[in-house]
Amino acid sequence: MPSTPPRVFVTRELPGGSGEGSPIARLRGALGADAVDVWPEFDPPPHEVLLERTEGCTGLLCMINDRIDGAFLDARPGLRAVSQLAVGYDNIDLPACTERGVLVTNTPDVLSDATADMAWALLMAAARRLPQGRDAIEQGRWGQWNPTWQLSSEVTGRTLGILGPGRIAKAMAKRSTGFEMTVLYTGRSEKPDFPGTFVPLEELLERSDFISVHVPLTDETRGICDASFFARMQPHAIFVNTSRGPVVDQPALITALEDGTIAAAGLDVMTPEPLPPDDPLVHAPNIVLSPHVGSATVETRTKMAHLAVDGLLASMRGERVRHLLNPEALEVQTKGRP
Ligand code: GLV
């Protein structure tokens, strides 16, 4: 049986430009320009368009807001590789891909520093009340210098609690040494190489001045930051989330901010995304928001695009695949579906 010619759909224009050596030029160079179809719009292709454009595709390069589930895979049985331009992949039904022998890759590591920088930016902005200061200037409330005005939280020497000791969390913790902080962390198990002290969740919540969340979104983590979580935090503590919005029970966070259960929050991720401007979260007190841009530096996004192209090409060529999320799918590819 002749093998299907490689053909890929890329669900957004890729960062890194289109010149020689750019991620998209590499993909076109490797597969042939006609074999690479790129969705030209800013917003994701609607699901029915995704289905239509992937007809005959063997590879897909997708983003966090493209839903890849069993029904989609059944409609596209020729698909052999899905490359996600992100580290998180909760939009992809991984077991469904594995079962059908579809290799899935993501882009970890290269975004850890940029995302940790963003978590720190949110932490510092919330601690030092940057939005409130700007509001005061804009609204003409900036009076003479006064030693009691616009007081905020000290960061140096305090305790940083980290939920989910993965690669981004490690970069977050590393940055805290300049601030001479004590780092506590919690997760499924102790990680010997993590720069901090492993403690149970309750202790982390009770002892930390700042809590930063770095867990993937799974059935286990959905909604873990709920009313009882915030109730255990100290009233002066600040909550930071750069992972996924649904790990937070958002109404519970808004209540915790409104009634002073916690002091402030900095969020790069929320529910829904994009957040409508009239959402109660936007108007919650002492909140700093950024629009899911943790990894959005020119350098990092370009590295992510190259890594996503590497993953896609290696998967499609049957080469050793770095950052393969489901090695079991290789067996399904060779032996067939059980
Ligand atoms: C972005 O949210 C990512 O998972 O890389």
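The model shown is predicted, which means the values in this text are computed figures rather than measured ones. (Residues numbered from 1 in each chain as written. Predicted model: local features only at pLDDT ≥ 70, side-chain atom pairs only at ≥ 80, totals over all residues. Heavy atoms only, no water.)

### Regarding the packing of helix α5 (residues 112–127) against helix α7 (residues 167–175)
And then number 1: Running from N to C, α5 and α7 point in directions that differ by 55 degrees, and their axes come no closer than 8 Å. In terms of their interaxial angle, α5 and α7 are classed as oblique. Note on packing geometry: the crossing formed by α5 with α7 is right-handed. Facing α5, whose interface residues are S112, D113, T115, A116, D117, A119, W120 and L123, α7 presents R167, I168, A171, M172 and R175.
And then number 2: Looking at side-chain class alone, the contact of α5 with α7 contains seven nonpolar, two polar and four charged residues. (Axes fitted to C-alpha atoms, helices over the stretch in contact; angles between N-to-C directions. Helix = DSSP H or I, 4+ residues; strand = E, 2+ residues; numbered from the N terminus. Parallel < 35°, antiparallel > 145°, perpendicular 65-115°, else oblique. Left-handed = near helix turned anticlockwise from the far one by under 90°. Contact = heavy atoms within 4.5 Å. Nonpolar A, V, L, I, M, F, W, Y, C, P; charged D, E, K, R; others polar.)

### What about α7?
An α-helix turns once every 3.6 residues. As a result, residues three or four positions apart point the same way.
And then number 1: Taken as a whole, α7 has its buried residues at I168, A169, A171, M172 and A173.
And then number 2: Where α7 is buried, its residues meet α5, β6 (159–163), β7 (182–186) and β9 (210–213). (Buried < 20%, exposed > 50% of the residue type's maximum accessible area, 1.4 Å probe, protein only.)

### Quick look at the domain arrangement of the protein
The extent of an interface is frequently quoted as the accessible surface area lost upon association of the parts.
And then number 1: Taken domain by domain, the protein comprises domain 1 (8–110 + 297–335) and domain 2 (112–289).
And then number 2: For domain 1 and domain 2, the distance between their C-alpha centres works out to 32 Å.
And then number 3: The interface is formed by ten residues belonging to domain 1 together with six residues belonging to domain 2.
And then number 4: The three residues of domain 1 that bury the most area against domain 2 are I64, D90 and D109, which together make up 59% of that side's buried surface.
And then number 5: The tally of links between domain 1 and domain 2 comes to two salt bridges.
And then number 6: Across the salt bridge formed by R167 and D109, the nearest N and O atoms sit 3.6 Å from each other.
And then number 7: For the interface between domain 1 and domain 2, the tally reads two residue pairs in polar contact (both at pLDDT 80 or more). (Domains from an automatic or database assignment. Buried area = accessible area lost by both parts, 1.4 Å probe. Salt bridge = Lys/Arg side-chain N within 4 Å of Asp/Glu carboxyl O. Polar contact = N/O pair within 3.5 Å; in protein donor to acceptor, adjacent residues only side chain to side chain.)

### Section: the pattern of salt bridges
And then number 1: Considering all chains together, one arrives at 17 salt bridges under this definition.
And then number 2: Between D113 and R175 there is a salt bridge, with the nearest N and O atoms lying 3.1 Å from each other. Separated by 62 residues along the polypeptide, D113 in helix α5 and R175 in helix α7 bring together distant segments of the chain.
And then number 3: When the shortest N-O distance is used, the salt bridge between E220 and R188 registers 3.6 Å. Pair noted here: E220 is in the loop between β9 and α9 (227–232) and R188 is in the loop between β7 and β8 (197–198), with a separation of 32 residues, a long-range link.
And then number 4: Relative accessible area serves as the criterion here: at 74%, R188 is assigned to the exposed category.
And then number 5: A single network of salt bridges, built from pairs that share partners, joins D74, E99 and R100.

### Brief notes about a nonpolar patch on the surface
And then number 1: Taken together, the side chains of I137, W142 and W149 present a nonpolar region at the surface, about 370 Å² in accessible area.
And then number 2: With respect to the helices, strands and loops of the structure, I137 is situated in helix α6 (residues 130–138).
And then number 3: I137 gets classed as exposed once you look at its relative accessible area, which sits at 53%. (Patch = residues over 30% accessible without salt bridge, like charges linked within 9 Å, V, L, I, M, F, W, Y side chains within 5 Å. Areas by Shrake-Rupley, 256 points an atom, 1.4 Å probe, with all protein chains shown as cover.)

### Topic: the packing of aromatic side chains
And then number 1: Going through the model one piece at a time under the given rule, you end up with six aromatic pairs.
And then number 2: Measuring from centroid to centroid gives 4.6 Å for Y185 and F194, while their planes differ by 50 degrees, and the two rings are tilted. F194 shares its class with Y185; the two are buried.
And then number 3: A centroid spacing of 5.4 Å and a plane angle of 75 degrees characterise the contact between F229 and F230, whose relative ring orientation is edge-to-face.
And then number 4: An aromatic cluster is defined as three or more aromatic residues linked by ring pairs; in this entry it consists of Y185, F194 and F198. (Phe/Tyr/Trp six-rings, centres within 6.5 Å; stacked < 30°, edge-to-face > 60°.)

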